[in-house]
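# Summary of structural features
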Amino acid sequence: MVSMRALECLVAIVDQDSLTKAAAALHMSQPALSHQIAAIERELGTAVVERLPRGIRPTAAGLAGRRVAAGAGGRIRIACAETMTAWVLVPVLRSWRRRFPDVELDLREYTSADTMLEVLRAGAADIAVGPPPTLTDEHVEVLGREEIVVVASAEHRFSRMDAVPLAELAAEPLVLYNPGNGHGVWVDQFAAQRGVVLPQPVLRTGSPRTAAQLAASGMGVAIVPFSALTPRPGGTIRSLDPVELRDVVVVVAAPHDDLLRRFVGDLKRRGLPASRLPDPGAAGRSSGTAGAA
């Protein structure tokens, strides 16, 4: 399969009419650029550029490749945190399906930002949407911030509190996460940084959305991202005290690729939907009716 990076190189060559100028524009060596073009030609079984005494000229296949990269066709492979597909992606996916029917959209869901980064670096995804990975030198765009909240049953003592200090969870039965779950790793680190020792969980799950539903039904108390509240569970939903917010980002494999840049631009223009609870004095904050800001 032709990679997004190779298509990015083809776009630059067609636009610049020169291997030398295209290599300079992409900040890469000319041999490396030629290698990417050769990879496209091997994949397609035909030449995409014609070498002339003075410069180059794209072939019909090369122009078709330029059209794909410009968004008239092509493929975007999306890795997404499983709580954020309906919350963030669906409106943009629906819009692209209508506006660009020739663009193939592939979606895979994950429970770890670090796993999504590994998939992207391995060349199996073009963008990753979710919380920030532990560490990356890839191109990152911030979509916004979401709140981390506490969920419990409607009758729980937290329903009588405006917000919940993390230390209050040290004596509570907790719904936590399976080993390797990205949010579970975050919760452990978050508690350790604040000197709070969380008890052993009464139940573990692989999904923050499931954790929220279990906690609302009385199985325990859960710490979940706001994106896990879709659909909104019943019960008590409270902010932490102090309020904790976390970035939601897009990691992009080839930030100069026109197709990816257009898709990420649409995500940024739409931004996040409601992503935190109202302040404690807002109407409707009572147990079971905590609404989105």
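Quick note: structure is the one above.
Residue indices follow the written sequence of each chain, beginning from 1 at its first position. For this predicted model, a pLDDT threshold of at least 70 governs which residues receive local features, and a threshold of 80 or more governs which side-chain atom pairs are given and counted, while totals over whole chains, interfaces and linings are taken from all residues. Excluding hydrogens and water, the side-chain values take into account all heavy atoms of the structure.

This part is about the packing of helix H2 (residues 19-26) against helix H3 (residues 30-44). Between two packed helices, what matters for the description is the angle formed by their axes and the separation of those axes. One can describe the packing of H2 onto H3 by two numbers: an axis separation of 9 Å at closest approach and a directional angle of 100 degrees. With respect to H3, the element H2 is oriented roughly perpendicular. In contact with Leu 19, Thr 20, Ala 22, Ala 23 and Leu 26 of H2, H3 contributes Gln 30, Leu 33 and Ser 34. Each residue receives one of three labels: charged for Asp, Glu, Lys and Arg, nonpolar for Ala, Val, Leu, Ile, Met, Phe, Trp, Tyr, Cys and Pro, and polar for the others, Gly being one of them. Classifying every residue of the contact of H2 with H3 by side-chain character gives five nonpolar, three polar and no charged. Between the N-to-C directions of two axes lies an angle of 0 to 180 degrees, each axis being a line fitted to C-alpha atoms and, for a helix, fitted only over the stretch in contact. Only DSSP runs of H or I reaching four residues or more are called helices, and only runs of E reaching two or more are called strands; each is numbered from the N terminus. Any angle that is under 35 degrees is reported as roughly parallel, and any over 145 degrees as roughly antiparallel; angles of 65 to 115 degrees are reported as roughly perpendicular and all others as oblique. A contact between two residues is defined here by any heavy atoms of the two lying within 4.5 Å.

What follows concerns the nonpolar core. To qualify as a nonpolar core, a set must consist of buried Ala, Val, Leu, Ile, Met, Phe, Trp, Tyr and Cys residues joined through side-chain atoms within 4.5 Å. The classification of residues rests on relative accessible area computed with a 1.4 Å probe and restricted to protein chains. Under 20% of the type maximum is buried, over 50% is exposed, and intermediate values are partly exposed. Grouped together as the largest cluster of nonpolar side chains are 73 residues, with contacts concentrated most on Ile 76, Ile 127, Val 151, Leu 169, Val 224, Phe 263 and Leu 267. Among the elements that take part in this core, strand S11 (residues 236-252) stands out by supplying seven residues, more than any other. Sequence-distant contacts of Val 224, defined by excluding residues within four places in its chain, comprise Glu 147, Ile 148, Val 149, Val 151, Tyr 177, His 183, Pro 208, Ala 211, Ala 212 and Leu 229. The next biggest cluster of nonpolar side chains, apart from the first, holds 17 residues, and it includes Cys 9, Ile 13, Leu 19 and Ala 23.

For the rest of this paragraph, the subject is the environment of Leu 143. Structurally, the position occupied by Leu 143 is in strand S6 (residues 139-152). Overall, Leu 143 belongs to the buried group, its relative accessible area being 10%. Counting along the chain gives 94 residues from Leu 143 to Val 49, while the straight-line C-alpha distance between them is 38 Å. The residues contacting Leu 143, other than those within four sequence positions of it, are Val 88, Val 129, Val 248, Val 249, Val 250, Leu 267, Lys 268, Gly 271 and Leu 272.

To continue, consider helix H6 (residues 113-121). Taken residue by residue, H6 has Ala 113, Met 116, Leu 117, Val 119 and Leu 120 as its buried positions. Taken around the axis of H6, the buried residues stretch over an arc of 160 degrees, which confines them to a single face. Here the buried face of H6 lies against strand S3 (74-81), strand S4 (103-110), strand S5 (127-130) and S11. Taken from the helix axis, the directions to the C-beta atoms give the arc we talk about.

This part takes up the packing of helix H5 (residues 85-99) against helix H9 (residues 258-270). One way to put it is that H5 packs onto H9 with a least axis distance of 10 Å and a crossing angle of 130 degrees. In terms of axis orientation, H5 runs oblique to H9. Classified by chirality, the crossing of H9 by H5 is right-handed. Residue-level contacts link Trp 87, Val 88, Leu 89, Pro 91, Val 92, Leu 93, Trp 96 and Arg 99 of H5 to Leu 259, Arg 262, Phe 263, Asp 266, Leu 267 and Arg 270 of H9. A breakdown of the residues in the contact of H5 with H9 according to their chemical character gives ten nonpolar, no polar and four charged. Definitions for this section: a left-handed crossing has its near helix turned counterclockwise from the far helix by less than a right angle. A right-handed crossing has that turn clockwise.

Take unusual backbone geometry next. At the junction of Thr 230 and Pro 231, the peptide bond is cis and its omega measures out at 0 degrees in the coordinates. Here Pro 231 shows up in the loop between strand S10 (222-225) and S11. With omega at 5 degrees, the peptide bond leading from Asp 241 into Pro 242 counts as cis. Residues other than glycine seldom take positive phi values, yet His 27 does so here, at roughly 60 degrees. Relative to the assigned elements, His 27 resides in the loop between H2 and H3.

Moving on, we get to the packing of aromatic side chains. Between the rings of Phe, Tyr and Trp (Trp by its six-membered ring), a pair exists once the centres lie within 6.5 Å; its type follows the angle of the planes, with under 30 degrees stacked, over 60 edge-to-face, and the other angles tilted. Counted by the stated rule, this structure contains three aromatic pairs. Charge over a ring is defined by NZ of Lys or CZ of Arg lying within 6 Å of the ring centre and within 35 degrees of the ring normal. Between Arg 246 and the ring centre of Trp 186, over which it is positioned, the NZ or CZ distance is 5.3 Å.

Within the secondary structure layout, Ala 212 lies in helix H8 (residues 208-216). Overall, the relative accessible area of 0% leaves Ala 212 in the buried class. Along the backbone, Ala 212 and Ile 223 are eleven residues apart, and their C-alpha atoms lie at a distance of 7.8 Å. Not counting residues within four places of it along the chain, the set of residues in contact with Ala 212 comprises Val 151, Val 224, Ala 228, Leu 229 and Pro 233.

Salt bridge, as applied in this entry: a Lys or Arg side-chain nitrogen positioned within 4 Å of an Asp or Glu carboxyl oxygen. A complete count under the given rule lists 15 salt bridges for this structure. Its salt-bridge partner being Arg 5, residue Glu 8 comes within 2.6 Å of it at the nearest N-O pair. One end of the pair, Glu 8, and the other, Arg 5, are both in helix H1 (residues 4-16), three residues apart, so they sit about a helical turn from each other. On the accessibility criterion, Arg 5 (29% relative accessible area) is partly exposed. One salt bridge in this structure joins Arg 157 and Glu 168, with 2.9 Å as the shortest N-O distance. Of this pair, Arg 157 sits in the loop between S6 and strand S7 (163-165) while Glu 168 sits in the loop between S7 and strand S8 (175-177), and the two are eleven residues apart along the sequence. Judged by relative accessible area, which is 32%, Arg 157 ranks as partly exposed. Look at the salt bridges and you will find they share partners, linking Arg 75, Glu 104 and Asp 106 into a network.

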